[in-house]
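# Per-entry structural report
What follows is each chain in one-letter form.
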Amino acid sequence: MQDYSGYGQPPTGDYFGSTPPPMPPMPPRPPKRRISLLSYLAVALAAGALGAGTVVAIYHPAANSSAATPQPSSSAIAPAPLPSTAVPAPSSGTGSLSKVEQGLVIINTTLQYSSEQAAGTGMVINADGLVLTNNHVIENATHITATVASTGKNFVAKVVGYDVTGDIALLQLQNPSGLHAVPIGDASKVKTGAAVMALGNAEGRSAIVPASGQVTALNQTITASDQGGTVKSETLHGMIQTNADIVAGDSGGPLVNSAGQVIGMDTAGNSVSFTQQQTVAGFAIPINTALSVASQIAAGHASSTIVIGYPPFIGIYVGQGTDSNPQDQASQQQQNTGPGSFGGFGGLGNGNGAGNGGTSSCYTSDANLSVPSTIASVNSGTLVIGTICNSPAAAAGLTAGSVITELNGQTVGSPQSLSDIMAKLRPGDTVSVTWVTPSGQTKNGNLVLTAGPPL
């Protein structure tokens, strides 16, 4: 849901050129936003103003940041497997642009713990309310709503599961009614030069805006880097490349062929300027790939990359990286404050910081969060920047400036090491934690992990 901007590794495919069949006339796109040379962005939109020459995301505090958002209910932690027919298979059947538009939802999310809101797009894939979107659209979300673009009807959405490495997520709309699934095509039959149209919640304007173009290359590999979330970079393979102008907010929306069938899920795009020439490149995950992952999620098949339901949550803000020295973590954090500068590894917490020197006993968001002035004097462990109110960590007595040294008997060093241990756990697990307080006391406690926002 935060914007991604990937660096290096531009696509290597050639542009091919047959003249596409005419597409229906469409309203104009919003003004184009340029970002840095060869910088690819995954195009969910964190709400805020847009500036020329910047990555298309500037964060602003969530409207309700003064009160903690409730965690997902226990019934949503591990959803029951869905029937094998819940997720459709790729098809060569008929479709139309109007049918695609009827199946699109505008996704809005609240990221309570990082004082942000974000927007993206989703596709209804069955009438019972399953919605396909990108993982980065719902990453770190504590509340998700979906508005049917064609009717304005609103639904609360729960996370069925997600694949971080593939950037795919499956949502379930609550109490669904009157929904229409998008017509699904077959991405394996897509050819370069084919006419396509990208549709999505362009620049978070709460309306579906189309952009026509052609397929310019197939099976592309791109690297995306996260500007604000917990996934710092990822490599996506097998992407469909198009010159349709995919912009922020389009993420999770459809790439549609001339027969009115969804052949891909809009995921990344850029505008690159070469002196007088401007090149537009957008990237979509082939719908066959996205549906294959969605089927595994719906069936409840977790893996090393697929998470079913919600991840475990301990409720602390930490730094980032692989440095195991808490003093170094504090120093690095002071130098790197800004959007997304606090890590959210393993359901820990995510935020940007400015404020009160870590004097609060707990936080409902990161709005007043900063590096604590006093930290435990130990050589190795994960520094706790702050504790989230009403979380397991707060209940156990963990405070800002403490350093976690063990979790479930395993030595904890860097924030990444704590993330790796947490990744093997589930909500409801009881874990033992050892930490050193800012005053130098060693403490032990048992925590029951709750359900946290998706990573």
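What counts as what
Residues numbered from 1 in each chain as written. Predicted model: local features only at pLDDT ≥ 70, side-chain atom pairs only at ≥ 80, totals over all residues. Heavy atoms only, no water. Disulfide = S-S within 2.5 Å. Helix = DSSP H or I, 4+ residues; strand = E, 2+ residues; numbered from the N terminus. Buried < 20%, exposed > 50% of the residue type's maximum accessible area, 1.4 Å probe, protein only. Arc of directions from axis to C-beta. Contact = heavy atoms within 4.5 Å. Polar contact = N/O pair within 3.5 Å; in protein donor to acceptor, adjacent residues only side chain to side chain. Pairing = 2+ DSSP bridges. Salt bridge = Lys/Arg side-chain N within 4 Å of Asp/Glu carboxyl O. Core = buried A, V, L, I, M, F, W, Y, C linked by side-chain atoms within 4.5 Å.

## Section: the state of the cysteines
According to the stated counting rule, one finds one disulfide in the structure shown. Paired by a disulfide, Cys362 and Cys389 hold their sulfur atoms 2.0 Å apart. Negative torsions about the S-S bond denote left-handed disulfides, and the value of about 90° found for Cys362 with Cys389 makes this one right-handed. Of this pair, Cys362 sits in the loop between helix 4 (326-335) and strand 19 (382-387) while Cys389 is found in the loop between strand 19 and helix 5 (392-396), placing the two residues 27 residues apart along the sequence.

## Observations concerning helix 4
Within helix 4, the full set of buried residues consists of Pro326, Gln329, Ala330 and Gln333. Down the axis of helix 4, the buried set is contained in an arc of 100°. They therefore lie on one face. For helix 4, the secondary structure elements touched by its buried residues are strand 19, strand 20 (403-407) and helix 6 (415-422). Between the side-chain oxygen of the N-cap and the backbone nitrogen of Gln327 there are 2.8 Å, and the N-cap of helix 4 in question is Asn325.

## Some thoughts on the pairing of strand 9 (residues 168-173)
Of all the six residues making up strand 9, six are buried; the element is thus mostly covered by neighbouring parts of the structure. Neither face of strand 9 is exposed, since Ile168, Leu170 and Gln172 on one face and Ala169, Leu171 and Leu173 on the opposite face are all buried. Of the strand pairs in this sheet, strand 6 (residues 130-133) and strand 9 are connected by four bridges, and their pairing is antiparallel. What sits directly across from Val131, in strand 9, is Leu171. Direction of pairing for strand 8 (residues 154-163) relative to strand 9: antiparallel, over a ladder of six bridges. Directly across from Tyr162, in strand 9, lies its bridge partner Ala169. What sits between the antiparallel neighbours strand 8 and strand 9 is a turn of four residues, in which Asp167 has the positive phi angle 60°.

## Focus on the pattern of salt bridges
As enumerated under the stated definition, the model contains one salt bridge in all. Where Glu203 meets Arg205, a salt bridge forms, and the shortest distance between an N and an O atom there is 3.7 Å.

## Focus: the nonpolar core
Grouped together as the largest cluster of nonpolar side chains are 36 residues, with contacts concentrated most on Met123, Leu132, Leu170 and Ile287. Those residues in contact with Leu170, other than ones at most four positions away along the chain, are Ile125, Leu130, Val131, Lys158, Val159, Val160, Gly161, Ala294, Ile297 and Ala298. Core analysis: the next-biggest nonpolar cluster, separate from the first, contains 22 residues, Ile107, Phe155, Val159 and Ala451 among them.

## Examining helix 6
All of the buried residues along helix 6 are Pro415, Leu418, Ser419, Ile421 and Met422. Down the axis of helix 6, the buried side of the element spans an arc of 165°, and every buried residue falls inside it. As for helix 6, its buried residues are in contact with strand 17 (312-313), strand 18 (316-318), helix 4, strand 19, strand 20 and strand 21 (410-411).

## Things to note about the environment of Asn201
One can find Asn201 in the loop between strand 10 (195-200) and strand 11 (209-225). According to the relative accessible area criterion, Asn201 is buried, its value standing at 0%. Considered as a pair, Asn201 and Thr121 are 80 residues apart in the sequence and their alpha carbons are 5.8 Å apart. Among residues more than four places away in sequence, those in contact with Asn201 are Ile106, Ala119, Gly120, Thr121, Ser206, Ala207, Ile208, Ala248, Gly249 and Asp250. Polar side-chain contacts of Asn201 include one of 3.4 Å to the backbone oxygen of Gly120.

## Side note on unusual backbone geometry
With a phi close to 55°, Asn219 is a non-glycine residue in the positive phi region. As for its placement among the helices and strands, Asn219 is situated in strand 11. What makes Asn219 exposed here is its relative accessible area of 61%. In this structure, Asn390 is a non-glycine residue whose phi angle is positive, near 65°. Along the chain, the position of Asn390 falls in the loop between strand 19 and helix 5.

## Some remarks on the side chain of Thr267
Following the sequence through the fold, Thr267 ends up in strand 14 (residues 262-274). Since its relative accessible area comes to 0%, Thr267 is described here as buried.

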